[in-house]
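# Report on the structure
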Amino acid sequence: MALTTPWVPGPAAGHQTDVEVMASRFELRSFAQVPGFLVQAVRILLQVRRSGGAVGAALKAAPLKKTFWTLSAWTDRDALGAFAAAQPHRGIIRAYRSAMAGSQFEFWTAAAPAGWDEAHEHLKER
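Residues numbered from 1 in each chain as written. Predicted model: local features only at pLDDT ≥ 70, side-chain atom pairs only at ≥ 80, totals over all residues. Heavy atoms only, no water.

### What to know about the pattern of salt bridges
The following threshold applies: Think of a salt bridge as a Lys or Arg side-chain nitrogen and an Asp or Glu carboxyl oxygen that are within 4 Å of each other. Exposure classes here rest on a 1.4 Å probe applied to the protein chains alone. A residue is buried below 20% of its type maximum, exposed above 50%, and partly exposed in between.
Counted according to the given criterion, the structure contains three salt bridges. Ionic pairing is found between glutamate 27 and arginine 25, a salt bridge with its closest N-O pair at 3.3 Å. Residue classification places arginine 25 among the buried positions, given a relative accessible area of 14%. In this structure, glutamate 121 and lysine 124 form a salt bridge, with 3.2 Å as the shortest nitrogen-oxygen distance.

Below, the structure is given as structure tokens:
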């Protein structure tokens, strides 16, 4: 069973041209890390709400599979890069790097923010 947050709009929610979409999948090594990672993932999602260039984002979690997905849309790659380099995102990612059994990131340009079906299509295992 997966838990999915609603789409959290960012400051650029009304952006009218193509968006840069990022989908990610994170798989943790241990069940013990799931609760803390979920809390930190929500903190990152809330960071989107105030990040320049953020159109919006959503989080999907399958705690019993130790797997999390993110989906976000940005006005451009520079805005996404600035978000990734800012706190708390940067510190959380560094803190959990060794806890990851695997991760995957996919990027594409779209006319509108993507939905989960499209994100999972881009994240298909290779």
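### Quick look at the pairing of strand E4 (residues 54-62)
Counted only if it meets this: Going along the chain from the N terminus, every DSSP run of H or I of four or more residues is numbered as a helix, and every run of E of two or more is numbered as a strand. Between any two strands, pairing holds if DSSP finds at least two bridges.
In terms of residue burial, E4 counts as a mostly covered element, since nine of its nine residues are buried. Pairing between strand E1 (residues 3-4) and E4: two bridges, direction antiparallel. Residue leucine 3 lies in a different strand from E4, and its bridge partner there is alanine 61. One ladder, built from two bridges, connects strand E2 (residues 8-9) with E4; its direction is antiparallel. Following the sheet pairing, proline 9 is matched in E4 by glycine 56. Sheet topology note: the E4/strand E5 (residues 67-74) ladder contains eight bridges and is antiparallel. Looking at the pairing, alanine 54 lines up with tryptophan 74 of E5. What sits between E4 and E5 in their antiparallel hairpin is a turn of four residues, with lysine 66 showing a positive phi close to 60 degrees.

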